[in-house]
Amino acid sequence: MFLQALVSLVGTQGARTLDSAILSFVSLHVEKIKGYLTSNEVSLGNFSHNFNGDSASFQASVDALKGTDEFLSSSIRVGNALMLRGMLHSSTGTSQKNSVPLVHSALSLAASSISHEASGGGNAPSLISLARSSGIDVGYLDPSLTSSLSHLASKDMRIWGLLPFAYASSFVTSDNWTKCTYIPADDVHANGEHVIMACISGLCCTMLGTQEKAKNACVEFLRSSSSVLFRMKADEEAYSAFPLRAMFVLMEKFTEVCPLIDRSVLESYMPYTILHAAYVDMSLKKQFERDDLMDSKTAFEQ
């Protein structure tokens, strides 16, 4: 309601000015993310080959990574900004439906008449960008975000191709995850870790050039992350400082925000029964392995 009131006050052009400011903020922190990928290029390449390997090779590859805490902090900032931007677009669309319904309807019809693939909608970026900023579903394309990050696009796709492995490896290399707790009542993570999934999705869809490459990167993130999390679960005593249940459910959060994949893709790497068990445990106040399960009757009465 607040954003709808704001959009009604500043108008569509004012909302686009806000959108531009958000994109400038995103660009600043994506530059830091690229810096992490560049400085750890060799180590992340080794991790991409060893995340399914023996314990010694896996540990050696993650021990070589540096600066992961700052990398995740920038990712949370980018994720928050992209989520805010999505809410701004949705509010703009609602405002347009109320104030200029015929214009919004015509824009929606125009956007639906062209392909949302890069080879279709990519040839009409202005229309796609206008439709997205008006809360209309245009698939994974985001010309405004792509344009604002174009100076960070690397001719060597290996850099951005390492993105899935950077996030998968962070599960064991960053102390930030030890502070990650899930709040069942609000379906969020206490320190905003859930918005990292929006950051990963946004960067995969924007920085990898084609829809096929973007989708492959999203699938690779689920595959490598699931492997790392199951490795940690298998040795839960060694990773007792990590709230693995809260970390497991992030995989489902990713499928909720990513326009290129759905829950069925995750099922290949992490069965829903695992996630269900994690949700149940956390609803009974068990975030860490050391926590005791609350009595179900007591939890129900609360």
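Structural data are supplied above this passage.
These numbers were taken from a predicted model, which means no experiment stands behind them.

A.B. asks: Account for the state of the cysteines, with residues named and values stated.
C.D. replies: Cysteine pairs can be covalently joined through their sulfur atoms, and such a bond is termed a disulfide. Using the criterion set out here, one finds zero disulfides in the structure. In this structure Cys199 is not part of a disulfide, and its nearest cysteine sulfur, from Cys204, lies 9.0 Å away. Since its relative accessible area comes to 0%, Cys199 is described here as buried. Between Cys258, a cysteine without a disulfide, and Cys218, which holds the nearest cysteine sulfur, the sulfur-to-sulfur distance is 3.5 Å. By relative accessible area, Cys258 is classed as buried at 5%.

A.B. asks: I'd love a proper account of unusual backbone geometry, names of residues and values included.
C.D. replies: A positive phi is found at Asp187, a non-glycine position, where the angle reads about 55°. With respect to the helices and strands, the residue Asp187 is situated in the loop between β1 (182-183) and β2 (188-189). On the basis of relative accessible area, Asp187 is assigned to the partly exposed category, the value being 37%. In the Ramachandran plot, Lys285 falls in the positive-phi region, its phi being about 70° despite a non-glycine side chain.

A.B. asks: Which residues make up the packing of helix α11 (residues 211-234) against helix α13 (residues 250-257), and what values do they have?
C.D. replies: At their nearest, the axes of α11 and α13 sit 10 Å apart, and the two run at 170° to each other. By the angle between their axes, α11 is roughly antiparallel relative to α13. Side by side, α11 and α13 meet where Cys218, Phe221, Leu222, Ser225, Ser226 and Leu229 of the first sit next to Met251, Phe254 and Thr255 of the second. When grouped by side-chain class, the residues that make up the contact of α11 with α13 number six nonpolar, three polar and no charged.

A.B. asks: Outline the layout of surface pockets, supporting the account with residue identities and numerical values.
C.D. replies: When its volume is computed, the largest pocket comes out at roughly 640 Å³. Lining the largest pocket are 23 residues, with Gly86, Arg132, Gly139, Asp142 and Val257 sitting closest to its centre. Per-element tally for the lining of the largest pocket: the top contributor is helix α4 (residues 68-99), with seven residues. In terms of residue class, the lining of the largest pocket is built from 11 nonpolar, eight polar and four charged.

A.B. asks: Residues and numbers for the environment of Pro101, please.
C.D. replies: By the element assignment, Pro101 lies in helix α5 (residues 101-112). Of the residues examined, Pro101 reaches a relative accessible area of 44% and is grouped as partly exposed. Residues Pro101 and Ser39, spaced 62 residues apart in sequence, show a C-alpha to C-alpha distance of 50 Å.

A.B. asks: I'd like to hear about the nonpolar core, residue by residue, with values.
C.D. replies: In this structure, Tyr167, Leu203 and Met232 are the most contacted members of the largest nonpolar core, which totals 84 residues. For this core, the element with the highest residue contribution is helix α1 (residues 2-39), accounting for nine residues. Apart from the residues within four sequence positions on either side, Tyr167 is in contact with Ile33, Phe71, Leu72, Ser75, Ile196, Cys199, Ile200, Leu203 and Phe221.

A.B. asks: Residue-level account of the environment of Met232, with values.
C.D. replies: One can find Met232 in helix α11. Assessed through its relative accessible area of 0%, Met232 is described here as buried. In sequence terms Met232 and Phe171 are 61 residues apart; their C-alpha atoms lie 9.1 Å from each other. Non-local contacts of Met232, meaning those with residues more than four positions away in its chain, are made with Phe171, Val172, Tyr239, Phe242, Leu244 and Met247.

A.B. asks: Describe empty space enclosed by the protein, and please don't skip the residues or the numbers.
C.D. replies: Under the definition given, this model contains one cavity of 30 Å³ or more. Considering only enclosed or pocket space, the largest cavity measures out at about 40 Å³ in volume. Lining the largest cavity, in full, are Thr12, Ala15, Arg16, Asp19, Leu88, His89, Thr92 and Ser133. If you list the elements that add at least two residues to the lining of the largest cavity, you get α1 and α4. At four residues, the largest contribution of residues to the lining of the largest cavity is made by α1. Of the residues belonging to the lining of the largest cavity, the class tally is two nonpolar, four polar and two charged.

A.B. asks: So what's going on with the pattern of salt bridges? Residues and values would help.
C.D. replies: Summed over all chains, the structure comprises 10 salt bridges. Its salt-bridge partner being Arg245, residue Asp281 comes within 2.9 Å of it at the nearest N-O pair. You can see Asp281 sitting in helix α15 (residues 272-283) and its partner Arg245 sitting in helix α12 (residues 244-248), a full 36 residues away along the chain. Comparing Asp281 with Arg245 shows no difference in burial state: the two are buried.

What counts, and where the lines are drawn
- Along each chain, residues carry numbers from 1 onward, in the same order as the chain's sequence is written.
- At least 70 in pLDDT is required for a residue's local features to be given in this predicted model, at least 80 for side-chain atom pairs to be given and counted, and no such filter applies to totals for whole chains, interfaces and linings, which use all residues.
- Side-chain descriptors were evaluated using all non-hydrogen atoms of the structure, hydrogens and water having been removed beforehand.
- For the purposes of this analysis, a disulfide is any pair of cysteine sulfur atoms at a distance within 2.5 Å.
- Burial status follows relative accessibility: with a 1.4 Å probe on protein chains alone, a residue under 20% of its type maximum counts as buried, one over 50% as exposed, and anything between as partly exposed.
- A run of H or I in DSSP counts as a helix once it spans at least four residues, and a run of E counts as a strand once it spans at least two, with each numbered from the N terminus.
- Inter-axis angles, ranging from 0 to 180 degrees, are taken between N-to-C directions of lines fitted to C-alpha atoms, where helices are fitted over the stretch in contact.
- Relative orientations are named as follows: roughly parallel for angles under 35 degrees, roughly antiparallel for angles over 145 degrees, roughly perpendicular for angles from 65 to 115 degrees, and oblique for any other angle.
- Residues are treated as being in contact if the distance between any of their heavy atoms lies within 4.5 Å.
- Residues are grouped as follows: Ala, Val, Leu, Ile, Met, Phe, Trp, Tyr, Cys and Pro are nonpolar; Asp, Glu, Lys and Arg are charged; every other residue, Gly included, is polar.
- Lining residues are defined by having an atom within 4 Å of a point belonging to a cavity or pocket. Those points lie on a 1 Å grid over the protein atoms alone, cavities being sets where a 1.4 Å probe fits but cannot get out and pockets being open sets with protein on both sides within 12 Å along at least five of seven lines.
- Grid points are joined across faces, edges and corners, and a volume is the space filled by probe spheres set on the points.
- Within this scheme, the nonpolar core is defined by two criteria: the residues are buried Ala, Val, Leu, Ile, Met, Phe, Trp, Tyr or Cys, and they are joined through side-chain atoms within 4.5 Å.
- Here a salt bridge means any side-chain nitrogen of Lys or Arg lying within 4 Å of a carboxyl oxygen belonging to Asp or Glu.

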